[in-house]
Amino acid sequence: MPTTTPATVRPRSKKHSPAELNVLTLIHGKPGISRVELAQECGMSTGSVSAIVQSLIDRNLVSEGQQVSSKSGRRRIALRLRSELGYVVGVDLGTFFERIVITDIGGEVIYSTELESGMGAGREELLRRTFSAVREAIAAAPIDGRPFLGIGLGHSGVIDSQRGVVLAFPRPGQTEQWKNVPLQKMLEDEFGVPALLEDSVRTIAMSEAQYGAGADLEDYIYVYVGMGVGSAIFINGTLYRGSGGSAGEFGHITVAEDGPLCCCGNTGCLEAVASCAAIIETVKAAIKMGVATKVNEMAEGNLDRISIEMIAEARDQNDSLAFRVMSQAASHIGAACADLVNLLNPSAIVFGGGLFRGKADFFLDHLRRTIRQRSLEKLANEVTLVASALDTNAGARGAAHLISGKLIESVYADSL
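Below is a summary of the structure that appears in this document. All of these numbers come straight from a predicted model, not from anything done at the bench.

## Some details on the pairing of strand β9 (residues 195-199)
Regular strands show a simple pattern: their side chains alternate between the two faces of the sheet. Taken across its five residues, β9 has five buried, putting it largely inside the fold. The alternating pattern of β9 places Ala-195, Leu-197 and Asp-199 and Leu-196 and Glu-198 on opposite faces, both of which are buried. Judged from the five bridges that link them, strand β6 (residues 148-155) and β9 form a sheet pairing that is parallel. Bridging from a neighbouring strand, Gly-154 pairs with Glu-198 of β9.

Shown next, in the form of structure tokens:
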């Protein structure tokens, strides 16, 4: 892995210190954290933590920022990883678009770009274009001599993140091409740096935990509703992955026993009745049956142009079809969320994805009513519903954060 060591480094010790590594990891996970807050997190004295921080500063691993006010009103000095340590690339490979960000190892975005993914062209062409786009992004970014440390990629298929393999991608025309694809190794072979492969909903959820509504939460659930449906569960501020690393397949909870066939092979899955893709298909089917709707006017009669944004706009203009279809989707999502509330008693559910961009209050109000109707009163009163405010780079930025977290130990070891 390519690295550079600043000429001013003055290592105090060649001995690996678990306490130093722990502090460095906490600073990575919470940029801007202070010495006092670190001491609270580590269960150590402020003096001991200050000594560790000074050692990390002397080795050019950590830098001090400006003094900022804490919740108590006291001034504190913010700490973060030095940007000169290196940069990482994050990729969010979506059905229609792929987003690429370059961040320093501390998570600061240096460069971002977006392009059409061209998923329909097939896996080989898609990956060729993706690899090329990553190289173009690196060439265009203001890297300033920083070493390229790693690359993280979020994919919306069924992922084995432990092995770095896309097990399946159950989408029309994609199923056979994406069976057991060792995408993490392909990335490592292509770029010559450590790579990470993760489910795209989890990469978005990690951005939410790091930079969004989840930053101040401990026990909560992130729910994504876009062309697919997924979730991520956080317990004590840590992502819960399950025994095999695949926890959070919220979209494949059965909510309609006699519902439509889902891409997973089951019938009546939440994704099959309440995703953006399902909403669009329901509206298209109604138009084909002769139902009058403003959506058809907006699309100028071209059903292929219909988008979730058009349907939301028609709903806001009191279009009965759009209102009914979106209300039905919200009811299904609310019923499934009520089960999560009863089962996990989260402090909050954070909603993201295309369905919640723009005017999210329509859905949040509907979801609150359904959860109150279907959950135990005590648990329903304890959960807060929040719409994400992150932009469309969230998935790519989350992938970058995940790979940089995997690299902290090697960066620390290189400084000894």
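## Quick look at the sheet that holds β9
With mixed pairing, five strands are arranged side by side in an open sheet as β5-β4-β3-β6-β9. Either end of the sheet is taken by a strand with one partner, and the two such strands are β5 (109-116) and β9. Across the sheet, the axes of successive neighbouring strands diverge by a mean angle of 15 degrees, strand direction being ignored. Pairing analysis gives seven bridges linking strand β4 (residues 97-104) to β5, with the strands arranged antiparallel. When the sheet's bridge partners are listed, Ile-100 is paired in β5 with Thr-113. Helix α4 (residues 123-140) contacts β3 (87-93), β4, β5 and β6 of the sheet and is inclined by roughly 35 degrees relative to β4. Relative to β3, helix α14 (residues 394-415) is tilted by about 145 degrees, and along the sheet it contacts β3, β4, β5, β6 and β9.

## Regarding the pairing of strand β8 (residues 165-168)
Both strand β7 (residues 158-160) and β8 contribute to a ladder of three bridges, which runs antiparallel. Note on β8: the bridge partner recorded for Ile-159 is Val-166. Between β7 and β8, which pair antiparallel one after the other, the connecting turn spans four residues, and Gly-164 there sits at a positive phi close to 70 degrees.

## A short note on the state of the cysteines
Note on terminology: a disulfide is the covalent bond linking the sulfur atoms of two cysteines. In total, this model carries zero disulfides according to the counting rule given. Cys-269 provides the cysteine sulfur closest to Cys-264, a residue in no disulfide bond, and the two sulfurs are 3.7 Å apart. On the basis of relative accessible area, Cys-264 is assigned to the partly exposed category, the value being 40%.

## Here we look at the packing of helix α1 (residues 18-29) against helix α3 (residues 46-58)
Direction vectors running N to C along α1 and α3 enclose 80 degrees, while the axes themselves pass 10 Å from each other. Comparing the axis directions of α1 and α3 gives the class roughly perpendicular. Across the interface between the two elements, Ala-19, Glu-20, Val-23 and Leu-24 from α1 touch Ile-52, Val-53, Ser-55 and Leu-56 from α3. Its residues assigned to classes, the contact of α1 with α3 comprises six nonpolar, one polar and one charged.

## Overview of the nonpolar core
Ranked by internal contacts, the top residues of the largest apolar core, which has 47 residues, are Ile-311, Ile-333, Phe-351, Leu-355 and Phe-356. Secondary structure elements with two or more residues in this core: β10 (220-225), α7 (270-274), α8 (276-288), α10 (308-316), α11 (320-344), β13 (348-352), α12 (361-374) and α13 (377-382). The dominant element in this core, judged by the number of residues it contributes, is α11, at eleven residues. Counting 46 residues, the second-largest nonpolar core is a separate cluster that includes Val-49, Ala-205, Ala-400 and Ile-403.

## Things to note about a nonpolar patch on the surface
A contiguous nonpolar patch, built from Phe-96, Phe-97 and Met-227 and spanning about 270 Å² of accessible area, is present on the exposed surface. Summarising the element assignment, Phe-96 is placed in the loop between β3 and β4.

## Let's talk about the sheet that holds strand β14 (residues 384-387)
What the five strands build is an open sheet, ordered β12-β11-β10-β13-β14; its pairing is mixed. Among the strands making up the open sheet, the edge pair consists of β12 (238-240) and β14. On average, adjacent strands in this sheet sit at an angle of 25 degrees to one another, irrespective of strand direction.

## Observations concerning the pattern of salt bridges
Evaluated as defined, the whole model comprises 20 salt bridges. As a salt-bridge pair, Asp-160 and Arg-163 come within 2.9 Å of each other at their nearest N and O atoms. Across the salt bridge formed by Asp-189 and Lys-185, the nearest N and O atoms sit 2.8 Å from each other. Of this pair, Asp-189 and Lys-185 both sit in helix α5 (residues 183-191), four residues apart, which is roughly one turn of the helix. When its relative accessible area of 54% is taken as the criterion, Asp-189 is described as exposed. Bridged by salt links that share partners, the residues Glu-198, Arg-202 and Arg-241 form one connected network.

## Here we look at the packing of aromatic side chains
Here the structure, examined in full by the defined rule, presents nine aromatic pairs. Pairing Phe-169 with Trp-178 gives two aromatic rings, centres 6.3 Å apart and planes at 85 degrees, and the pair type is edge-to-face. By relative accessible area, Phe-169 is classed as buried at 1%. It is Arg-315 that lies over the ring of Phe-362; its NZ or CZ is 4.4 Å from the centre. The aromatic ring of Tyr-211 is capped on one face by Arg-397, whose charged end is 3.6 Å from the ring centroid.

## Some points on α1
Each α-helix turn comprises 3.6 residues. Residues three or four places apart therefore point the same way. Taking 1.5 Å of rise per residue, twelve residues should cover 16 Å, and α1 covers 16 Å from first to last C-alpha, within 8% of that figure. Those residues of α1 that fall on the buried side of the exposure criterion are Glu-20, Leu-21, Val-23, Leu-24, Leu-26, Ile-27 and His-28.

## Let's talk about the environment of Val-91
Inspection of the secondary structure puts Val-91 in strand β3. Under the relative-accessibility criterion, Val-91 is labelled buried at 1%. Along the primary structure Val-91 and Leu-153 are separated by 62 residues, whereas in three dimensions their C-alpha atoms are 4.6 Å apart. Residue contacts for Val-91: discarding those within four places in its chain leaves Glu-98, Arg-99, Ile-100, Thr-130, Val-134, Ile-151, Gly-152, Leu-153, Gly-154, Ala-396 and Ala-399.

How each quantity is defined
Residues numbered from 1 in each chain as written. Predicted model: local features only at pLDDT ≥ 70, side-chain atom pairs only at ≥ 80, totals over all residues. Heavy atoms only, no water. Buried < 20%, exposed > 50% of the residue type's maximum accessible area, 1.4 Å probe, protein only. Helix = DSSP H or I, 4+ residues; strand = E, 2+ residues; numbered from the N terminus. Pairing = 2+ DSSP bridges. Axes fitted to C-alpha atoms, helices over the stretch in contact; angles between N-to-C directions. Contact = heavy atoms within 4.5 Å. Disulfide = S-S within 2.5 Å. Parallel < 35°, antiparallel > 145°, perpendicular 65-115°, else oblique. Nonpolar A, V, L, I, M, F, W, Y, C, P; charged D, E, K, R; others polar. Core = buried A, V, L, I, M, F, W, Y, C linked by side-chain atoms within 4.5 Å. Patch = residues over 30% accessible without salt bridge, like charges linked within 9 Å, V, L, I, M, F, W, Y side chains within 5 Å. Areas by Shrake-Rupley, 256 points an atom, 1.4 Å probe, with all protein chains shown as cover. Salt bridge = Lys/Arg side-chain N within 4 Å of Asp/Glu carboxyl O. Phe/Tyr/Trp six-rings, centres within 6.5 Å; stacked < 30°, edge-to-face > 60°. Lys NZ or Arg CZ within 6 Å of the ring centre and 35° of its normal. Expected span 1.5 Å × (residues − 1).

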